[in-house]
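# Observations on the model geometry
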Amino acid sequence: RLLLGFLRPLGSRFPWAAGLALGVWGGTGPVGKAFPIAHTHVSPPAKFTCPKRSTHMAIQRTFSIIKPDATKRNLTGAINAKFEAAGLRIVAQKRIHLTKAQAGVFYEVHKERPFYDELCEFMASEPIVVQVLEGEDAIAKNSEVMGATNPAEADEGTIRKEFALSIGENSVHGSDAPETAAVEIAYFFAGLELVG
Ligand code: ADP
Ligand code: MG
């Protein structure tokens, strides 16, 4: 009663405040909790939803290397032409010369394989071109454009079929999954260098 006696004169002077207090109390307080119907979610109008959502393929980024055997034979442009013809956009690119230790970190997943030392030696033997390719389903698309690891098994028209010298000196590297793409991109590029 004391509280009401205090609130009543306030209510007559500030009727909107009572409304506000009730609204807050009724919205998030016990009334709102008891009658959650007051908070029924309102869906956005149909025109704001994407009608083709289920059929859209995701725009992805993948990491790519033009390997020493290819840069040595001046094939950077020819290989990039294959990427672009397949709808992949080169959104970052630079030519660098890895040390064997840097190559070793990049290919760490293969460190137990018999070819690991030879692979690191090869990757540090000449400059390479590191790049980020962007496009719809870029990881799978790039795998297709590259062809099988072993050029003898690669399909006609693929980069490895056309340019690779052997299973080791196979002209290109491409990420095999979104998680590895993210790690590999971050190993070579700062965010500001990716210009999509
Ligand atoms: P990919 O590059 O197609 O993903 P892998 O991940 O199996 O192939 O191997 C990484 C790289 O190691 C290959 O691209 C190739 O340069 C080299 N490599 C793979 N297998 C061999 C092998 N048997 N002998 C020499 N080098 C190899
Ligand atoms: Mg691999």
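In case you missed it, the structure is sitting above this.
### Structural notes on helix 10 (residues 178–188)
An α-helix turns once every 3.6 residues. As a result, residues three or four positions apart point the same way. Inspection of helix 10 places Ala181, Glu184, Ile185 and Phe188 among the buried residues, and these make up the whole buried set. Along helix 10, the residues classed as buried sweep out an arc of 100° about the axis, all on the same side. Opposite the packed face of helix 10, turned more than 90 degrees from it, sit the exposed residues Glu179, Val183 and Ala186. Structurally, helix 10 contributes buried residues whose contacts are with strand 1 (59–66), strand 2 (89–96), helix 6 (100–106), strand 3 (128–136), helix 8 (138–146) and strand 4 (172–174).

### Side note on the packing of aromatic side chains
In this structure the tally under the stated criterion is 5 aromatic pairs. Measuring from ring centre to ring centre gives 5.0 Å for phenylalanine 63 and phenylalanine 188, while their planes differ by 5°; the resulting arrangement is stacked. With phenylalanine 63 in strand 1 and phenylalanine 188 in helix 10, this residue pair connects regions lying 125 residues apart in the sequence. Given a relative accessible area of 10%, phenylalanine 188 falls into the buried group. Among the aromatic residues, those joined into a cluster by ring pairs are Phe63, Phe106, Tyr107, Tyr187 and Phe188.

### Focus: the nonpolar core
Judged by nonpolar contacts, the single largest core of 20 residues is most densely connected at Phe63, Ile65, Met123, Val130, Val132, Phe188 and Phe189. Within the residue set of this core, elements represented by two or more residues are strand 1, strand 2, helix 6, helix 7 (116–123), strand 3 and helix 10. With 5 residues, helix 7 is the single largest residue contributor to this core. Once residues within four sequence positions are removed from consideration, phenylalanine 63 is found in contact with Phe106, Val130, Gln131, Asn142, His173, Gly174, Ser175, Ala181, Glu184, Ile185, Phe188 and Phe189. Ranked by size, the runner-up nonpolar core spans 14 residues in total, among them Ala70, Leu75, Leu133 and Met146.

Definitions and cut-offs
- Residues numbered from 1 in each chain as written.
- Chains lettered and ligands numbered in written order.
- Predicted model: local features only at pLDDT ≥ 70, side-chain atom pairs only at ≥ 80, totals over all residues.
- Heavy atoms only, no water.
- Buried < 20%, exposed > 50% of the residue type's maximum accessible area, 1.4 Å probe, protein only.
- Helix = DSSP H or I, 4+ residues; strand = E, 2+ residues; numbered from the N terminus.
- Arc of directions from axis to C-beta.
- Contact = heavy atoms within 4.5 Å.
- Phe/Tyr/Trp six-rings, centres within 6.5 Å; stacked < 30°, edge-to-face > 60°.
- Core = buried A, V, L, I, M, F, W, Y, C linked by side-chain atoms within 4.5 Å.

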